[in-house]
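Now for the letters of each chain:
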Amino acid sequence: MKFLFCLPYAGGSGAIYYKWNSLLSDTIQLCPIELKGRGKRINEVFYEDINEAVNDIYIQLKDKIDEHEYAIFGHSMGSRLAHKLYYKIDNMNNCKPKHIFFSGYGAPNISKRKSMIHSLPDPIFIQKIMEMGGTPEEFVTNKDLQKLCLPILRNDFRILEKDNYSEEEQKLDCDISILSGDQDTLRTEAIGSWENYTDKKCKMYMFEGNHFFINHHADEITAIINHTLGE
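Residues numbered from 1 in each chain as written. Predicted model: local features only at pLDDT ≥ 70, side-chain atom pairs only at ≥ 80, totals over all residues. Heavy atoms only, no water.

Chemist: Please clarify how the overall build of the protein chain should be interpreted in this entry.
Modeler: Across its full length, the protein chain carries 7 helices and 6 strands. Taken from N to C terminus, the helices and strands of the protein chain fall in the order β-β-α-β-α-β-α-α-α-β-α-β-α. Taking 17 Å as the expected radius of gyration for a compact globule of 231 residues, we find that the protein chain reaches 17 Å, a close match to that expectation. Oriented by its inertia axes, the alpha-carbon framework of the protein chain measures out at about 45 × 40 × 35 Å. Buried positions account for 51% of the 231 residues belonging to the protein chain. Of the side-chain charges in the protein chain, 27 are positive and 34 negative, and the distance between the mean point of each set is 3 Å. (Helix = DSSP H or I, 4+ residues; strand = E, 2+ residues; numbered from the N terminus. Rg over C-alpha atoms; globule rule 2.2 N^0.38 Å. Buried < 20%, exposed > 50% of the residue type's maximum accessible area, 1.4 Å probe, protein only. Lys, Arg positive; Asp, Glu negative; His and termini not counted. Charge placed at Lys NZ, Arg CZ, Asp CG, Glu CD.)

This is how it looks when you write it as C-alpha cells:
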C-alpha cells in the first residue's frame, strides 16, 4: 500500500480531493491533509507563517512515512507547501517521498509573490480571487459565503506572500511531475524551471483549463498518479 498525501490550494480543504478516492488504484491510499481554520479544523487558529503550516503538516504524516512508500500531491499553495515539506522531512531524517506532484505552481525561484493582495480591501481582494478562476460567481454576492471564506483566503495568501524564499542547496532526491493548465497565467519559464529542482526524473503534463484545471480533470490526473506510482 502506498500513501498519497494531498495538500490543498489557498482557501481549500482536504475535501477537494475526496472524489479521487474511487479513481485511485486499490494500492494507493488517499490521505488528504486538513489545514487549520477549515473543514474539521475550522475552529483552530490560523497559521502565523508558512513554516508553522509545514510543521503542522509534518506532524500529521510523520508516523506514517517511515512505514509506507508514499507520494505528495499539492496544487497551487499546496505545491509550495509540498516543496518546503520535503526539506522538513529530509532534515528530520525521515524516509523521503517516492514522488512529488507539483500542480498549478511554477518553480519557487520564479513564482515568488511580488504583490500583496492579502491586505487589499474586500471588493478588490474578491476581484483578484475571481480573476484566478475556480471560485463560483456566487462568491461575489453571497455575504455569508464571504464571511466564512474570506478570512481563510486572506490568511493563506498572507503566509504565501510573506514567505521569504531562499534557494535550497540540495536538489530534491525524488522524481517529480509538473501539472499545469494551458490557460493559466503561469509563464512557460516558471513551469519548465522545475526540472532544475531535482536530480531525478521530471515529467510535464498540460491540461485544458485555467489555474483550477484540477477541478475538471480528476480522471486524467488520477490516471497519471496511478501509472506513476505503479511503475
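Chemist: Any chance you could explain the packing of helix α1 (residues 50-61) against helix α2 (residues 77-91) here in plain terms?
Modeler: Helix packing for two helices is described by the angle between their axes and how far apart those axes are. Their axes nearest at 9 Å, the elements α1 and α2 cross at an angle of 65 degrees. Taken as a pair, α1 and α2 cross one another with a handedness that is right-handed. Touching I50, N51, A53, V54, N55, I57, Y58 and L61 of α1 are R80, L81, K84, L85, K88 and I89, all from α2. Considering only residue class, the contact of α1 with α2 consists of 9 nonpolar, 2 polar and 3 charged. (Axes fitted to C-alpha atoms, helices over the stretch in contact; angles between N-to-C directions. Left-handed = near helix turned anticlockwise from the far one by under 90°. Contact = heavy atoms within 4.5 Å. Nonpolar A, V, L, I, M, F, W, Y, C, P; charged D, E, K, R; others polar.)

Chemist: Looking at this structure, how should I read the sheet that holds strand β1 (residues 2-7)?
Modeler: Strands in a sheet are paired, the pairing made by backbone hydrogen bonds, and the direction either parallel or antiparallel. The strand order β2-β1-β3-β4-β5-β6 describes an open sheet built from 6 strands, whose pairing is parallel. Each edge of the open sheet carries a strand with a single partner, namely β2 (28-32) and β6 (202-207). Neighbour to neighbour, the strand axes of the sheet diverge by 15 degrees on average, direction disregarded. Bridge count for strand β3 (residues 70-75) against strand β4 (residues 99-103) is 5 bridges, and the pairing is parallel. In the sheet register, A71 faces β4, and the bridge partner there is H99. Relative to β3, α2 is tilted by about 145 degrees, and along the sheet it contacts β1, β3 and β4. (Pairing = 2+ DSSP bridges.)

Chemist: Just to check I follow, could you spell out the side chain of R41 for this structure?
Modeler: In this fold, R41 is placed in the loop between β2 and α1. On the basis of relative accessible area, R41 is assigned to the buried category, the value being 12%. Looking at R41, its side chain comes within polar contact range of the side chain of D56, at 2.8 Å. Those residues within four positions of R41 in sequence are excluded, and the remaining contacts are E34, L35, K36, Y47, D56 and Q60. (Polar contact = N/O pair within 3.5 Å; in protein donor to acceptor, adjacent residues only side chain to side chain.)

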